[in-house]
Each structure stands twice: as C-alpha cells, then as structure tokens.
Amino acid sequence: MSVHRLAIAGLLLGLCSIVLTLGVWAWIFAQPVGSFRDQGGMTISLICFPLCVLGWLVAGGAAIALGVAVLTTRSGESTQPSTTCFAAGGVLLGIMGLPLALATLMIA
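Residues numbered from 1 in each chain as written. Predicted model: local features only at pLDDT ≥ 70, side-chain atom pairs only at ≥ 80, totals over all residues. Heavy atoms only, no water.

Looking at the environment of Ser17
Phase 1: Residue placement: Ser17 occurs in helix H1 (residues 3-30).
Phase 2: Looking at Ser17, the relative accessible area reads 1%, which means it is buried.
Phase 3: A sequence separation of 35 residues divides Ser17 from Cys52, and the C-alpha atoms of the two residues are 7.8 Å apart.
Phase 4: Here the side chain of Ser17 touches Gly14 through a polar contact of 2.7 Å, landing on its backbone oxygen. (Helix = DSSP H or I, 4+ residues; strand = E, 2+ residues; numbered from the N terminus. Buried < 20%, exposed > 50% of the residue type's maximum accessible area, 1.4 Å probe, protein only. Polar contact = N/O pair within 3.5 Å; in protein donor to acceptor, adjacent residues only side chain to side chain.)

A short note on the packing of helix H2 (residues 40-72) against helix H3 (residues 81-107)
Phase 1: Between H2 and H3, the shortest axis-to-axis distance is 8 Å and the interhelical angle comes to 160°. Accordingly, the angle class assigned to the pair H2 and H3 is roughly antiparallel. Helix-helix and strand crossings are classified by hand; for H2 and H3 the assignment is left-handed.
Phase 2: Its residues assigned to classes, the contact of H2 with H3 shows 18 nonpolar, eight polar and no charged. (Axes fitted to C-alpha atoms, helices over the stretch in contact; angles between N-to-C directions. Parallel < 35°, antiparallel > 145°, perpendicular 65-115°, else oblique. Left-handed = near helix turned anticlockwise from the far one by under 90°. Nonpolar A, V, L, I, M, F, W, Y, C, P; charged D, E, K, R; others polar.)

Brief notes about the environment of Phe49
Phase 1: If you trace the backbone, Phe49 turns up in helix H2.
Phase 2: Residue class for Phe49 comes out buried when judged on its relative accessible area of 4%.
Phase 3: For the pair Phe49 and Ala7, spaced 42 residues apart in the sequence, the C-alpha separation amounts to 28 Å.

Things to note about H2
In an α-helix, one full turn covers 3.6 residues, which means residues spaced three or four apart are oriented alike.
Phase 1: Helix length check: H2 (33 residues) gives 46 Å between terminal C-alpha atoms against 48 Å at 1.5 Å per residue, within 8%.
Phase 2: Of all the bends in H2, the greatest, near 30°, is centred on Trp56. (Expected span 1.5 Å × (residues − 1). Bend = angle between axes of the 7 residues up to and from the residue.)

Observations concerning the packing of H1 against H3
Phase 1: Two elements in contact, H1 and H3, have axes whose closest approach is 8 Å; the angle formed by their N-to-C orientations is 25°. Judged by the inter-axis angle, H1 sits roughly parallel to H3. Judged by the twist between their axes, the crossing of H1 over H3 is left-handed.
Phase 2: Per-class residue counts for the contact of H1 with H3 are 15 nonpolar, 12 polar and no charged.

Looking at the nonpolar core
Phase 1: Core analysis: the biggest nonpolar cluster contains 10 residues, these being Val24, Trp25, Ile28, Ile44, Cys48, Phe49, Cys52, Val53, Trp56 and Ala101.
Phase 2: Going through the elements one at a time, H1 and H2 are the ones with two or more residues in this core.
Phase 3: Of the residues forming this core, the biggest block, six residues, is contributed by H2.
Phase 4: Beyond its immediate chain neighbours, meaning those up to four positions away, Ala101 contacts Thr21, Cys52, Val53 and Trp56. (Core = buried A, V, L, I, M, F, W, Y, C linked by side-chain atoms within 4.5 Å. Contact = heavy atoms within 4.5 Å.)

This is the structure:
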C-alpha cells in the first residue's frame with residue numbers, strides 16, 4: 001500500500017472514531033422520552049458507552065499509528081503536502097477522539 005493511501009486510511013479511521021461516538025449520542029437523543037428507564041439504562045451503560053471506547057481503541061489507535069508511520073517515513077511520496085496533511089489530520093482526529101470517548105464512558 002502506498003504512503004499516500006496509508007495517510008488517507010489514517011484520516012478516515014480518525015474520522016470514524018469521532019463519528020461513532022457522535023452517532024451513539026445521536027441515537028440516544030433520538031429515542032423517545034422514558035426509553036431508558038429501568039433496564040433501558042443498562043443498554044446505554046453496558047453497550048453504547050463502552051462501544052465508543054472500543055471504537056476509539058480500534059479506529060483512533062489505528063489512525064494515530066498510521067499517521068505517525070506516514071509522518072516518520074522518509075520516502076519521496078511522504079513529502080507531498082497532501083500526504084503530510086492527511087497523516088497529521090488522522091493523528092489529530094485520533095487524539096481528539098480519545099477525550100470524547102472517555103468523557104462518554106465517564107457519564108455512564
């Protein structure tokens with residue numbers, strides 16, 4: 001796989017880690033009032049919120065790893081501005097997804 005494609009993959013994985021957490025929150029707010037009484041609250045605490053952290057571990061961790069790998073590569077393709085931007089964006093989104101996922105988990 002080329003360095004440019006690895007940078008794009010890192011950017012998309014970082015974006016996925018944030019979109020997953022925001023998607024969980026959107027699903028929670030879209031439910032009717034009273035949906036999470038009694039055992040319904042367990043769905044949020046035991047499935048949805050840990051899913052956010054798991055999603056960050058998989059997607060965000062991979063985004064950071066790919067971005068750092070691309071930024072430390074010394075090939076001619078990795079010096080293109082677009083490749084560097086994609087790699088840095090993937091690292092940034094991966095890092096931004098961590099506090100979002102952890103804050104979501106702490107709310108439970």
